Amino acid sequence: MSFDLSNRTVLITGASSGIGAACAQQLGAYGARLILSARRKEKLQALADDLEQSYETQTLLLPLDVQNAEDVSVSIEGLPKPWKEIDVLINNAGLSRGLDPQQSGVLQDWEEMIDTNVKGLLYMTRAVVPGMVERQAGHVVNIGSIAARYTYPGGSVYCATKSAVKVLSEGLKIDLLGTPIRVTNIEPGLVETEFSNVRFKGDTDRAKNVYRGMKALTPDDIADSILFAISRPAHVNISELYIIPTDQSSGTLIDRRVES
Ligand code: NDP
Ligand code: 8X3
């Protein structure tokens with residue numbers, strides 16, 4: 001498929017790694033102007049340099065923590081004029097922390113997941129969508145998860161945050177009825193990124209074990225689906241895309257026949 005995203009401004013949160021970085025590469029290749037956001041500025045800078053070299057992509061770095069409502073609001077408000085007119089917001093920043101049963105969960109892990117995956121997504125939406133309404137144009141893509149469909153042991157708080165993303169996506173579409181603004185919730189299964197390394201706080205062996213003996217999705221597989229959603233004709237709203245590896249059937253049913 002071929003897409004023309006020239007003159008379209010896309011804000012990607014969580015662009016420093018995994019799915020967000022893959023979106024930046026693919027959208028950059030099709031000519032989009034990119035606002036790259038995450039906490040790790042050096043990663044964003046390296047990505048921006050690479051995009052500039054590969055596709056002459058125009059980029060603007062927006063280093064911030066989505067958990068900080070004030071920073072999100074001030075950063076979006078302070079965008080220079082041409083960048084302020086955001087056509088597509090990809091609410092991708094998110095994480096899981098730990099895999100503890102609810103009865104012995106770590107409160108700080110819960111705060112971080114809820115503050116990032118739910119409140120951070122809301123802060124960004126609240127800051128960006130009024131401009132879309134004013135301009136009568138825009139598309140919000142939220143990154144949900146298979147975790148909204150299947151609760152798994154030790155994952156209940158993370159699963160709850162992704163259930164919230166599903167509900168918030170539906171609710172935003174409802175609240176925007178009567179405008180041309182579109183809303184999409186992407187729900188991936190296992191994608192091999194830094195996700196498990198972050199969940200297990202740097203325990204790389206435990207992280208690798210999540211994808212053992214199976215073929216996980218790649219960040220590019222998810223970027224492909226986002227490109228599909230945002231490139232449909234204006235009257236078509238792709239509300240949900242649920243994408244899993246062929247080797248996965250539910251949150252916990254995974255075929256690991258290829259032992260490595
Ligand atoms: P990664 O860990 O590779 O990327 C997560 C991104 O989120 C990073 O760029 C990170 O940047 C950013 N981020 C995390 N916390 C914050 C914060 N407080 N403020 C700003 N940015 C933040 O994981 P993925 O690419 O896999 O994850 C992307 C999204 O996809 C997440 O929402 C995740 O829940 C979801 N998802 C992932 C799946 C998987 O199997 N990997 C499956 C289904 C959904 P930095 O640390 O620089 O701030
Ligand atoms: C991330 C994938 O397996 O933790 O959403 O649900 S999983």
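A.B. asks: Teacher, can you tell me more about the overall build of the protein chain here?
C.D. replies: For the protein chain, the count of helices and strands is nine helices and seven strands. Relative to its length of 260 residues, the protein chain is compact, with a C-alpha radius of gyration of 18 Å against a globular reference of 18 Å. Counting only C-alpha atoms and orienting by the principal axes, one finds that the protein chain spans roughly 50 × 35 × 35 Å. Considering the protein chain as a whole, with its 260 residues, one finds that 49% of them fall into the buried category. Taking the intrachain contacts of the protein chain between residues at least 6 apart in sequence as the baseline, contacts between residues at least 24 apart amount to 72%. Looking at the protein chain as shown, the accessible area adds up to about 12300 Å², and 51% of this sits on carbon and sulfur atoms. Of the side-chain charges in the protein chain, 26 are positive and 32 negative, and the distance between the mean point of each set is 2 Å.

A.B. asks: Just checking my understanding: could you explain the packing of aromatic side chains for this structure?
C.D. replies: The geometry of two aromatic rings is summed up by the distance between their centres and the angle between their planes. The final tally for this structure, using the stated rule, is one aromatic pair. Ring geometry for Tyr-158 against Phe-195: centres 5.4 Å apart, planes inclined by 65°, an arrangement best described as edge-to-face. One end of the pair, Tyr-158, is in helix H6 (residues 156-175); the other, Phe-195, is in helix H7 (residues 195-199), and 37 residues separate them in sequence. Among the residues examined, Tyr-158 registers a relative accessible area of 7% and is labelled buried. On the accessibility criterion, Phe-195 (25% relative accessible area) is partly exposed. Positioned over the ring face of Trp-83 is Arg-33, at 4.5 Å from the centre of the ring. Its end group placed over the ring of Tyr-158, Arg-199 keeps NZ or CZ at 5.5 Å from the ring centre.

A.B. asks: In this structure, what is going on with the packing of helix H1 (residues 18-29) against helix H9 (residues 219-230)? I would like to understand it.
C.D. replies: Helix-helix packing is described using two parameters, namely the angle between the two axes and the distance between the axes. One way to put it is that H1 packs onto H9 with a least axis distance of 8 Å and a crossing angle of 55°. Taken together, the axes of H1 and H9 lie oblique to each other. In this structure, the crossing between H1 and H9 has a hand that is right-handed. Contacts between H1 and H9 pair Gly-18, Ile-19, Ala-22, Cys-23, Gln-26 and Leu-27 from the former with Pro-219, Asp-220, Ile-222, Ala-223, Asp-224, Ile-226, Leu-227 and Ile-230 from the latter. Counted by class, the contact of H1 with H9 contains ten nonpolar, two polar and two charged residues.

Each value, and the rule that gives it
- Residues numbered from 1 in each chain as written.
- Chains lettered and ligands numbered in written order.
- Predicted model: local features only at pLDDT ≥ 70, side-chain atom pairs only at ≥ 80, totals over all residues.
- Heavy atoms only, no water.
- Helix = DSSP H or I, 4+ residues; strand = E, 2+ residues; numbered from the N terminus.
- Rg over C-alpha atoms; globule rule 2.2 N^0.38 Å.
- Buried < 20%, exposed > 50% of the residue type's maximum accessible area, 1.4 Å probe, protein only.
- Contact = heavy atoms within 4.5 Å.
- Areas by Shrake-Rupley, 256 points an atom, 1.4 Å probe, with all protein chains shown as cover.
- Lys, Arg positive; Asp, Glu negative; His and termini not counted.
- Charge placed at Lys NZ, Arg CZ, Asp CG, Glu CD.
- Phe/Tyr/Trp six-rings, centres within 6.5 Å; stacked < 30°, edge-to-face > 60°.
- Lys NZ or Arg CZ within 6 Å of the ring centre and 35° of its normal.
- Axes fitted to C-alpha atoms, helices over the stretch in contact; angles between N-to-C directions.
- Parallel < 35°, antiparallel > 145°, perpendicular 65-115°, else oblique.
- Left-handed = near helix turned anticlockwise from the far one by under 90°.
- Nonpolar A, V, L, I, M, F, W, Y, C, P; charged D, E, K, R; others polar.

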